[in-house]
Every structure is written in C-alpha cells, then in structure tokens.
Amino acid sequence: MSQAHCYHCGLPVADDLDLQVKIAGEARAMCCYGCQAVAQSIVDNGLDDYYRSRDALPESQREAMPAILDQLAMFDHVDFQKSFVKALGETEREASLLLEGITCSACIWLNEKHIGKLPGVTAVDINYATRRARVRWDESKIKLSDILGAVAAIGYRAYPYDPAKNEEISKKERREALWRVWVAGFGMMQVMMYAYPVYIANGDMTADIESLMRWASLLLTLPVVFYSSAPFFRSAWRDLKLRRVGMDVPVALGVGAAFLASCWATFTHEGDVYFDSVSMFVFFLLGGRYLEMTARQKAVSVTEALAKLLPAFAQKLPNFPVDRNTLQCVVADLLPGDRVLVRPGDIVPADGRVIEGVSCANEALLTGESKPVSKVPGDFVTGGSINAESPLVVQIEQVGEGTRLSAIIHLMERAAAEKPRIVEMADRIASYFVAALLFVAIAVAIAWYLVDPSKALWITVSVLVVTCPCALSLATPIALTIAGGALAKDGLLVTRGHAIETLARATHFVFDKTGTLTTGKMHLLEVWVCGDTAKVECLKIAAALEQSSEHPVAAALRREVGGELPLAQRVQAEAGQGIEAEIDGRLYRIGRPAYALKLSGKRLPESRLDWLESGDTVVVLADALGCLALFRIGDELRPEAFPLIKELKALGRHVILLSGDATAVAQRIATALGIDDVRAGVTPQGKHDCVTGLQNEGAVVAMIGDGVNDAPVLAQAQVSVAMGGGAQLARTQSDFVLLSENLDHLRWGLRRATRTLMVIRQNLWWSFAYNFVALPLAIAGLVPPWLAGIGMSASSLLVVLNSLRIQRVEKD
C-alpha cells in the first residue's frame, strides 16, 4: 500500500495521523496542523482555484519543504524548549516568541486570528511595539512546530524569544528598510530630473522627446515599485487572500493604480503619467515608516536591556574556601549552594548572598537607583547587578526562573501581552476605517470620472493614500510602550497593560503604613536621659548589653553607637522581658519598663508616661538606683513620603492611611505627613471592604502596600503598587512593582502616567482630526498624490514623536 502524501505541500503523511480538509467536495489528506490550517483558510476564502490550477507541487518547493519542516521539528524537543517554553499544567505550555515581518497593527490582528484558530491553541497575544508573542497551547493536541509552520504559511517567521536574536532581527529590519528608502529616494530624484522639463515646457516639448522622458521615468520607477514598494504589495495580497482589508491595501491600490495608468499612458502616448508622484509617495511613506521603526525600537530598549543583563559565563569556586582556583562554567549550569567569584566590573550571575568581600553593586537597571549599593558579607545581591569596586565571593541562592531578574522580566512580559481596552477599541475602529475608505474611494472615482475623467485617477489615488489608519492604531500602544520603558528605568515596573492609564485616572490613593510610608525597619526615634549619666554613655551601655541579641530593637540601638563598646559580663537574658549584665562591676538592666525598674523598685517618671501610649516600643535602661534613660524605638518614615503626599493633595487626590496598627501609631504618622483620613486597626478583610466601599461610591482607587496581608486589597483596587521588597504574593497581585522602594519614583511615575494619558488623547485627537480634514481636501482634488504621501507618513511619524515626549518628565 503506497503512502499518502499531503495535498497541500506534497510531503508524506504519517500513518498514525488523520488530518483532512474538504477541497472541491473531496476529503484531502494533510501532513500537519500547519498545512491543514492554511488549506482550510484557502477553502474558506473561496480560493479553491489555487488547487485546481496546480497539477503538481513545484519541485523547488518539494525540495525546500522538508528542510523547513526539519528545522521546525527541533522546536518540539524538550531540551530546546527550556529557554523559552514554560509548563503551565500537565499538557498546557506557554512560549515566548519573536515575530519577523510585522509592519502594522493589521499584521498583529492577522497572526492572532490565524494562530488562535489552530486546534489546541488556547491563547495568543502579540505586542505591536516589541513584536513579541505569547502563545499557549495543549501539547496533546498540537505541537509547537505546527504553530510555527502555520505562522510561516501566511508569510511571517516566528522564533523563540532571545535578546540576541531580537537585536539581529531589528538590525536586519533597519538595514532592509534603509535600502528600500534609499532606492525610492534615488529613484524619486532621477524621475524628477525627467519630469521637471516636461512641466516647465508647458506643451512646447516635441512628442518624441516627451515620449523619451516618459520611458526614462518608467524605467527609473520600476525599482521603486517592484523593490521599495514590495512590502506593501505582499501585505496587501496576503490580506486579500484571507478576505480582509489591512492598512496596506489602500496603499498598494494607490501605488499600483497610478503606476499602471502611467504605464498605459506611456505605451499609448495618451493621458498623463504619475511616475514622479509614485516615486515621491513611496519615498515619503517608507521614510516615515523607517523613522517610526527606529523610534519604536529605541522606546523598547530599556525592556530589552533587562533581558540581556545576565552574563553567559560565571567564575565558579568549586573548592572554596580550601582553595580559590576558579572554573569557568555556563551560568545556566549554576545550582543553589555554588560559590562564584565576581570580580570588579563583572555582572553577578544569579541571586545570592555575599560570603566574602566588601564592595558596591550598581543596580540601576534593576531598581532605577543610580547610586551604588554597599555590599558586605551577609548582604543579598541580585543577578544582573554590576560589582563596582572589589572582588566578592557570592553563594548562589536562586537560579533560572527563581531569580529576581527573571521575575521582573516575566512581569514585564505579562504587561506587554495584555491589551488595554483603549487599544482594542482603536484597532477595531482602524479595521472598519480601511473598509469604509475603499468604498469612499470607489465613489470618488465614479464621481470624478463623470465630472472630469482626466482628474479621476490621481484624485482617487490621493484619497486612498492621504488617510491614515496607521496613526490611529499607533496612538495608544506606542505611548504605553514608551511610558513602560521609561517607568522601568526609574524603578517602577509595570506588570499590567491597563496600569498606566488607570494610575493617571486614580482619584483616591490608599496607603498602608508599615513598609510603605515607613521603612519597615526599627530605628531609634528619641532618647530621654533621667539621671546624671550622659546620653552617649547611656547609648554605649545599652548597646553593650544588647550586643549578643538578634532582636530588631537591639539592632536599632547598636546602629546608633560607634567605636568600642564596654565589656558586659554575667549576661542573663529573660525571654520577652530584657537583659541583665554587669559593666565595670555595676549591674544594669535593659528591656521592658517593669522588668528594668524592678532592679531598683522605683517607678517610671510620670513625664514620660505618654511614650507608653504612643504605640512605639519603649525600652528602659536602669541600675540599682533607678531609671537612667528611656529609648523610644519605632518605624521610621521614608523621607520621600512627605513630598509624595504633598503632591497628591495638591493635585486634588484624596489620600487615605489604611493600617492595621494601633490608632495612636497610625495617627502620629498621618499627622506627620498631613493625611486627614486615617483608618487604623483594620484587618485584611477590613482593608478589602474599605476599598470596595470607596469603589461603590465611584472612586478610582490606587492602593500602595506591602506584605502578604495586603494581597487581597491590592487585587481589589483598580490599580495597585507593591513595594519591591515586599512579599512575592503581594507583587504578583499588583499592577506596579516599586523595585527601588523609593517613593520619589512613584511620584515621578504618577507624573509620567498623567503625561502618557494626555499624549494618548492628543494622538487620538490628531489621528481623527487629520483624517477628517485630509479626506475632504483629497476628495475635492486639492491634495496631489505626492502631498498625500507626505501627509500619511507625517501623520504616523507625528504620533511617534509626540509619544517620545513621555520620556521627559520633571524630576525634583
């Protein structure tokens, strides 16, 4: 029995595979899901004649297809998928891919619809600005190679996302685009050399010379049409085959119609030629797209830089501390517990902890903090940070997907994959806009043919060209992409697609206290000396007593004392109470007031009883004669909290302090910051109910918090910000992560979000206004084709340039 062959590509069909498509009433065998999807698309779109007019598959394609399929087959290997595929369940997988050949938002729509129809594909999202696709599929129903084959079948190429590959494709796109612009520009100048004498002759040129000029212009326009304009025609043909109207369809129709009419006029020696207008239009349009591409690639450079932070190799110390001989190894092979040497100027290969050496780490790209951060033994270092000063020995704690950098990249990918409502709405309007434009162009052609046939062609071309749905589709995504990159550079990471727009519209800002408005670390706030012993001496005695304690209060006291401490002897610690010890033969106690004063039998001075009601921790130092000093220790306010709250109130935003702490503690913080609305002693469920109540009253709530207890309320708020040092659960529930934990960056981020929303509105208004003005002028015959090309290019370019203003925001 002979083996069946695929009716679409001609390759053998596996015996255990039963894939069919009904073509011309007969079921035809297919070799893979990719061929099945393409063949079904051809049938669904009424293009069966393709198969009827094809007696056999061309030998060149028969020879090429096995090589292509063999290349795609390697993407199904588990080892190959490690770097870009994640397992979400038993059979569900998610891949991060990079698409080549994307030129406009219509390409995004086509790929999303085409891939989404494949059996087994559960989700697909493509980001226009980055060209990155997130695809989910059921591995038991479809293979990744079949998905990639389906993408290739409609004229695009998909690769596993890799920063180096992305840069390579970007360079290739820029190089090809620049060549096409150069050819169009050179052709335009040469054609104008022949067109200009005809214009100024004003009918005085002999027929044979004018014919020679036309033929020369035709020859010079050929490379412009068949090389420089090729992307327009390919994209338009692909759209028409799938029975849809993309943004390149009117462009291709305009260029094609003007060129063919000019060729006919040249052959017949009758009518006008538009070679100069065609070449000029193509040059301006390609020039605008090239500038747009350059701006877009620049805008996403911050995001891409994060993905390239980790080095390829690390210097492993296999026998540390016995010897310090290093062994170069691949970073991907590092395991938790490995020790590595990080020399000055080197990048930390993974998350870990310093076990030897003192240096500083540059974490600017990770946190937005430009100042190097001091690192000593015991300190945590993040993979991707740069060792600035001295060698460090680091013990690896997290590798691969478990690192902080991977989490940051994953959150950024999640934000890039999500489409805000405003983007989807603009895309829908743009798709209807193109279809409506074609009907208008047909009506204009008929009307002008009846009024003045000599003007019908160039006016119709101008109508097709001058309108610009591209600007409408670009208006929002390019602004959000630029804003996301700029915010990440400042240490405010966007993790949801809607976050920037919602932050700008927030009316109520709700803050948690601990770890958000405060540092979350114990600090010595105030010292009150009751006896004759000096304040400095009291601090030294207190630090000496607490020297061996790991309690946060002890650490706060020790941080306030420099130099050598007196020796404490016969140290006795009573759990939950305090410490007793001798210094220079004198017995001291430090701890809770009752415990410390029990040594003398005296009471706490009445003038300091208010400290006990403040909600802060009060520690007493005493000896056998009575109280020596009181130390008030509490959570210190972040210095950036003051200008943030002041600016929010100046903007008319309602600020609320929502805390689980005692009323006295919360009120003290609120008073210091000037917050009028304080809600203290609130449980996690109470916080959730509070935000829900505000939302029911019509408020757009921005919640800023930290810690596991904040996760439910972060999820409930319309937009949320989690501090970068908070619990992992809180970060995954939030729309922003403040990696730097610097509230100044949140303040600047609010300014940038407000400017972004303003720019989006400006872009949309400009897009609508331009089209509403340009279209009537073109219909009236007041816009020649070359000017229409400038207008269309300038419209898209203006949207991009306006969006670049988002990168500049006032910082004080």
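Looking up the chain in an unreviewed UniProt entry gives the name Heavy metal translocating P-type ATPase, with the organism given as Candidatus Dechloromonas phosphorivorans. You can read under Sequence similarities (unreviewed entry) in the UniProt record for the chain the words "Belongs to the cation transport ATPase (P-type) (TC 3.A.3) family. Type IB subfamily."

When helices and strands are counted, the chain shows 31 helices and 29 strands. In the chain, which comprises 812 residues, the share counted as buried stands at 52%. Of the contacts made within the chain by residues no fewer than 6 positions apart, 67% connect residues no fewer than 24 positions apart. If you sum the accessible surface of the chain, you get close to 37300 Å²; carbon and sulfur atoms cover 57% of it.

The next point concerns helix 27 (residues 684-696). The end-to-end C-alpha separation of helix 27 is 19 Å, in line with the 18 Å expected for 13 residues at 1.5 Å each. Along helix 27, the residues classified as buried are Lys687, Cys690, Val691, Leu694 and Gln695. One side of helix 27 holds all its buried residues, which, seen down the axis, span an arc of 135°. Buried positions along helix 27 lie against strand 18 (508-511), strand 25 (654-658), strand 26 (677-679), strand 27 (701-705) and helix 28 (711-716).

Turning to the packing of helix 8 (residues 207-228) against helix 10 (residues 248-268), a few remarks are in order. Contact geometry of helix 8 with helix 10 gives a least axis separation of 11 Å together with a crossing angle of 155°. Here helix 10 runs roughly antiparallel to helix 8, going by the angle between their axes. Handedness of the crossing formed by helix 8 with helix 10: left-handed. Within the contact between the two elements, helix 8 uses Arg214, Trp215, Leu218, Thr221, Leu222, Val225 and Phe226 and helix 10 uses Phe259, Cys263, Ala265, Thr266 and Phe267.

With that settled, the discussion passes to unusual backbone geometry. In this chain, Phe320 is followed by Pro321 through a cis amide linkage whose omega measures 5°. Along the chain, Pro321 turns up in the loop between strand 8 (313-316) and strand 9 (327-330). Phi is positive for Arg570, which is not a glycine, with a value near 50°. Checked against the element boundaries, Arg570 lands in strand 20 (residues 569-574). Phi at Asp584 is positive, roughly 55°, even though this residue is not glycine. Inspection of the secondary structure assignment puts Asp584 in the loop between strand 21 (578-583) and strand 22 (586-591).

Conventions adopted
- Residues numbered from 1 in each chain as written.
- Predicted model: local features only at pLDDT ≥ 70, side-chain atom pairs only at ≥ 80, totals over all residues.
- Heavy atoms only, no water.
- UniProt positions renumbered as here; feature names shortened; annotations may be inferred.
- Helix = DSSP H or I, 4+ residues; strand = E, 2+ residues; numbered from the N terminus.
- Buried < 20%, exposed > 50% of the residue type's maximum accessible area, 1.4 Å probe, protein only.
- Contact = heavy atoms within 4.5 Å.
- Areas by Shrake-Rupley, 256 points an atom, 1.4 Å probe, with all protein chains shown as cover.
- Expected span 1.5 Å × (residues − 1).
- Arc of directions from axis to C-beta.
- Axes fitted to C-alpha atoms, helices over the stretch in contact; angles between N-to-C directions.
- Parallel < 35°, antiparallel > 145°, perpendicular 65-115°, else oblique.
- Left-handed = near helix turned anticlockwise from the far one by under 90°.

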